[in-house]
Amino acid sequence: HHRGTAVPLMLSPEELRRTVDIFPLEYATMTADYTVPRGIDPFQGLAIPVEDIRRAVEGLAKSHLIHLREAFLESHGETVRIADLIAASAAPLRALLTHIARLPEPGAAPIGDGTPSDESLARLAEQRMGISAPLIRTILAASGRGASTITDPSHLLGSYIDASKRIWEYVDRWRA
C-alpha cells in the first residue's frame, strides 16, 4: 500500500484460466501493463478471446449510452448539472475507448501496451467511428485533469449522446 501498487490478484492458475471469459476487459487491462515481481508470469500463454472482449465492450458501450440518457433526464436541463454529468462521464468514456482500441481493426495501428493518450483516443474515435476528435477531446478534458473549456454543456451533451450511440453501434457491428 505504501508503495502505491495494486493489491495482488489472488487466483490459482486454474481459476485464472477459467475466468477469462467473464473478466476479459479486466484481464486485458492487466496484461497491457503489469509487472511480475517474483515467480512465474501468471498470464504467460493465456489468450483472451477477442469476441469475449467485444461482447464485454458492447455491454459497456450500451450502458454508457443508457446512463447518459438517464442522467440528462435527471439533470432537468440545468446547465451546472449537465456540466457535472459530462465531467463525471469522461473517465468511463476514456475507459470505453481504451477497450475499443484493443479490438483489432484492419489497417489500424495497434495502440501498444499501457494506457493510450486522450489524443490517440480522440483520433481512434474519429478514424474508426467517424466521431469528431475535438468533441472527444473536449469531453475527456472535462474529467478534472485540467480546467474545463465547456462553454455550452447542453449543446455538447446532445452531440455526446449521439457520439455514444455511434460508439455502441460500432462495437455492436464489430467482428474479428
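These numbers come from a predicted model, not from an experiment.

### Side note on the nonpolar core
Inside soluble globular proteins, nonpolar side chains tend to come together where they are buried. Grouped together as the largest cluster of nonpolar side chains are 46 residues, with contacts concentrated most on I86, L97, I100, M129 and I167. For this core, the elements supplying multiple residues, two or more each, are α2 (24-32), α3 (50-75), α4 (79-101), α5 (118-129), α6 (133-141) and α7 (153-173). Leaving out residues up to four positions away in the same chain, I100 has contacts with V57, L124, R128, M129, I167, Y170 and V171.

### Remarks on the side chain of H99
Mapped onto the fold, H99 is located in helix α4. For H99, the residues in contact, after removing those within four places along its chain, are L25, T29, V57 and L60.

### Digging into α5
In this model, α5 (12 residues) spans 16 Å end to end at C-alpha, consistent with the 16 Å of a helix rising 1.5 Å per residue. Buried residues of α5: D118, L121, A122, L124, A125, R128 and M129, and no others. Looking straight down α5, one finds its buried side chains confined to an arc of 155°; they lie on one side. On its buried face, α5 sits against α4, α6 and α7.

Reading guide: rules and limits
Residues numbered from 1 in each chain as written. Predicted model: local features only at pLDDT ≥ 70, side-chain atom pairs only at ≥ 80, totals over all residues. Heavy atoms only, no water. Core = buried A, V, L, I, M, F, W, Y, C linked by side-chain atoms within 4.5 Å. Buried < 20%, exposed > 50% of the residue type's maximum accessible area, 1.4 Å probe, protein only. Helix = DSSP H or I, 4+ residues; strand = E, 2+ residues; numbered from the N terminus. Contact = heavy atoms within 4.5 Å. Expected span 1.5 Å × (residues − 1). Arc of directions from axis to C-beta.

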